[in-house]
Amino acid sequence: MSRPVPDAHAWWQRGVVYQVYPRSFQDADGDGIGDLAGILSRLGHLAALGVDAVWISPIQPSPMADFGYDVSDYTGVDPMFGDLAAFDRLVAAAHARGLRVILDFVPNHSSDRHPWFAESRSSRTSPKRDWYVWRDPAPEGGPPNNWLSEFGGPAWTFDAATAQFYYHAYLPEQPDLNWCNPELRAAMLDALRFWLDRGVDGFRVDAIHHLFEDPGLRDNPPNPDWRPGMPPARRVVRARTMDQPEVHDAVAAMRRVADAYPGDRLLIGEAYLPIDRLMLYYGADLSGFQLPFNFHLLSTPWRARDIAALVQRYEAALPPGAWPNWVLGNHDRSRVASRIGAAQARVAAMLLLTLRGTPTIYQGEEIGMQDVPIPPGRVQDPWERNVPGLGLGRDPVRTPMQWDRGPNAGFAPAGAEPWLPLASDHAVRNVAAQEADPRSMLSLHRALLALRRAEPALSVGSHAPVAGAAEDVLAYERRDGATGRRLLVALNLGGEERGLPHAASGSRVLLSTRLDGGAAPRLRPDEGVVLGR
Ligand code: GLC
């Protein structure tokens, strides 16, 4: 094995991000909801796994209408999760283990209980009126235009006190902030500084594609492709409410704030956009997000040729100097093991951790958690409540982490009732059981992360597709520019045994998803391998 050579890559280029959904990670105080002390007590898991950074979904004070994505104070910690002292302890403990901490930042909207909104709605002449998006009713008295809320219903809510509507891309409890207002913008950038001063290593910036709307308030055009069963918000094409040109200036302002701090602070942007539009979020001369989240693996059919085409399209679209990234799951999307099955989820883990670019792993994916059916009486997600029965609800991917076979799967103390039900498989599928099993999904993740750390080709090397593989085999080469070391990745996305591509001849298996040394020169059903000399 070649020796890693120091190079100019930033920590977040070599590193792997792990997403913690704090409500469901570890409940230390027994209220059935995870907390900061819980995360701190589980840092050992993250260190043993071998990730580099932990991104924590929102922990700020919130009425929890959207489970933290409705912030009522940008510079505090919700008592449910702890307090600022607990946060400081968590950051210190993470840093002591070499783990970076990335917070969620929710700039598009606040909670309707934020004092800013209370002030804004108090009168048309309030100094904070313009911090939100207020408009007169249409001439016939209805909403100003046809814009729709992501979570169902109109995107405008009438406020009788001042006889105007306010705009909300999401729930009425999540009024949109007006980033055209310089004071609002300054206040939000100050919120970033508050956390950067406390030592956070970066932010995952929420729903950035929604930050601006058409100033002329033009209607969104109807969507000719909408069919019953699709989210009601998709009845229109969000041409006037998403991905507006003003957003890039605001992102660059966030980036300047982060860059004023030492130590490569990282900004990751959440934008569900086509590749060509997504690329703009790197910003002119890379003045934007270091990592605009690439969600395209979530929507691409799980077939070798489709994924190979995606990787090539994405790589080719990257602006010069831009760093790629890949995502297989998060707290909003169906879990990978449910989308493609448990066997292929292992192959997907190898794909995620051997593609060129920073990977993000969602909590629970390292043990192969599946979407959990939620009984109607226990539905929490406002999207499912507003638009039931279409499978839009996100509770199934937010169920508690499964740590061991004890009470509440180790997520919460005995006697507590977790806020969402545990998966029925928690007694067998849990961290403790998988730690003891050298072939488990957890062992696979640890082995992949260890190999990635040992082999710069896998973290910072170049990527090239390898031709000549069977139809359902995805193959590519990673090459370390500093040493010239080449590794070949071959993934069998099908259930039949396949040969390895010719390029593999003479190499040995460094890691198989089966964790048994591999059967080269064959690829068994649902097997992925990393090969090298
Ligand atoms: C993002 C979050 C999602 C939230 C929404 C509104 O998409 O990931 O969970 O509901 O923004 O803040």
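Each remark here, short or long, concerns the structure printed above.
Residues numbered from 1 in each chain as written. Predicted model: local features only at pLDDT ≥ 70, side-chain atom pairs only at ≥ 80, totals over all residues. Heavy atoms only, no water.

Participant: Looking at this structure, I do not really get the overall build of the chain. What am I missing?
Facilitator: Secondary structure assignment for the chain yields 16 helices and 18 strands. Against the globule reference of 24 Å for 533 residues, the chain gives a C-alpha radius of gyration of 23 Å, in line with a compact fold. Considering only C-alpha atoms, the chain reaches an extent of 75 × 50 × 50 Å along its principal axes. Each of the 533 residues in the chain was classed as buried or not, and the buried ones make up 59%. Long-range contacts, defined as pairs at least 24 residues apart, comprise 69% of the intrachain contacts of the chain with a sequence gap of at least 6. With an accessible surface of roughly 19700 Å², the chain has 53% of that area assigned to carbon and sulfur atoms. (Helix = DSSP H or I, 4+ residues; strand = E, 2+ residues; numbered from the N terminus. Rg over C-alpha atoms; globule rule 2.2 N^0.38 Å. Buried < 20%, exposed > 50% of the residue type's maximum accessible area, 1.4 Å probe, protein only. Contact = heavy atoms within 4.5 Å. Areas by Shrake-Rupley, 256 points an atom, 1.4 Å probe, with all protein chains shown as cover.)

Participant: Would you explain the site of the ligand in this entry?
Facilitator: Taken together, 13 residues sit near the ligand, with Asp66, Asp206, Glu270, Asp332 and Arg394 positioned nearest. Interatomic distance of 2.5 Å between a side-chain N/O atom of Asp332 and an oxygen atom of the ligand. Contact distances for the ligand include 2.9 Å between an oxygen atom and a side-chain N or O atom of Arg394. Burial of the ligand by the protein amounts to 96% of the accessible area it has alone, namely 310 Å². Because more than half of its atoms lie within 2 Å of the grid, the ligand is assigned to the largest pocket. (Near = heavy atom within 4 Å. Polar contact = N/O pair within 3.5 Å; in protein donor to acceptor, adjacent residues only side chain to side chain. 1 Å grid on protein atoms, 1.4 Å probe; cavity = no way out; pocket = protein on both sides within 12 Å on 5 of 7 lines; lining within 4 Å. Sits in = over half its atoms within 2 Å of the grid points.)

Participant: Help me out: how do you make sense of the nonpolar core in this one?
Facilitator: Across soluble globular proteins, you tend to see nonpolar side chains buried next to one another. Core analysis: the biggest nonpolar cluster contains 141 residues, and Trp179, Phe203, Ile208 and Met254 have the highest contact counts within it. Among all residues touching Phe203, those that are not within four sequence positions of it are Ile102, Leu103, Phe105, Leu192, Trp195, Leu196, Leu266, Leu267 and Ile268. Counting 15 residues, the second-largest nonpolar core is a separate cluster that includes Trp147, Phe165, Trp383 and Val387. (Core = buried A, V, L, I, M, F, W, Y, C linked by side-chain atoms within 4.5 Å.)

Participant: Explanation requested: the sheet that holds strand 2 (residues 53-56) in the structure shown.
Facilitator: The pairing of strands in a sheet happens through backbone hydrogen bonds and is either parallel or antiparallel. If you trace the 8 strands from one edge of the open sheet to the other, you get 9-8-7-3-2-1-11-10, paired in parallel fashion. Pairing within the sheet leaves two strands with one partner each, and these edge strands are strand 9 (291-292) and strand 10 (325-327). In this structure, strand 7 (residues 202-205) lies alongside strand 8 (residues 266-269), joined through 4 bridges in parallel fashion. Paired with Arg204 across the strands is Ile268, a residue of strand 8. Packed on one face of the sheet, helix 4 (residues 84-96) meets strand 2 and strand 3 (100-105) and runs near 140° to strand 3. (Pairing = 2+ DSSP bridges. Axes fitted to C-alpha atoms, helices over the stretch in contact; angles between N-to-C directions.)

Participant: I tried to follow the sheet that holds strand 6 (residues 164-167) on my own but got confused; where do I start?
Facilitator: Across the sheet, which stays open at both edges, the 3 strands sit in the order 4-6-5 with antiparallel pairing between neighbours. The open sheet terminates on both sides in strands that have one partner only, identified here as strand 4 (134-135) and strand 5 (156-159). Note: strand 4 against strand 6, 2 bridges, orientation antiparallel. Each bridged residue has a counterpart across the sheet, and for Arg135 the counterpart in strand 6 is Phe165.

Participant: Sorry, what's going on with empty space enclosed by the protein here?
Facilitator: The method is simple in principle: a probe with the dimensions of a water molecule rolls over the atoms, and the space it marks as empty is what remains. Across all of its chains, the model carries 2 cavities of 30 Å³ or more by this definition. Roughly 70 Å³ of volume is contained in the largest cavity. Lining of the largest cavity is provided by Leu328, Gly329, Val336, Ala345, Ala349, Leu352, Thr360, Ile361, Tyr362, Glu365 and His445. The space that makes up the second largest cavity amounts to roughly 40 Å³. Lining the second largest cavity, in full, are Trp147, Leu148, Glu150, Tyr167, Ala169, His210, Asn220, Val236, Arg238 and Thr241. Here the residues of the lining of the second largest cavity sort into 5 nonpolar, 3 polar and 2 charged. (Points joined across faces, edges and corners; volume = space filled by probe spheres on them. Nonpolar A, V, L, I, M, F, W, Y, C, P; charged D, E, K, R; others polar.)

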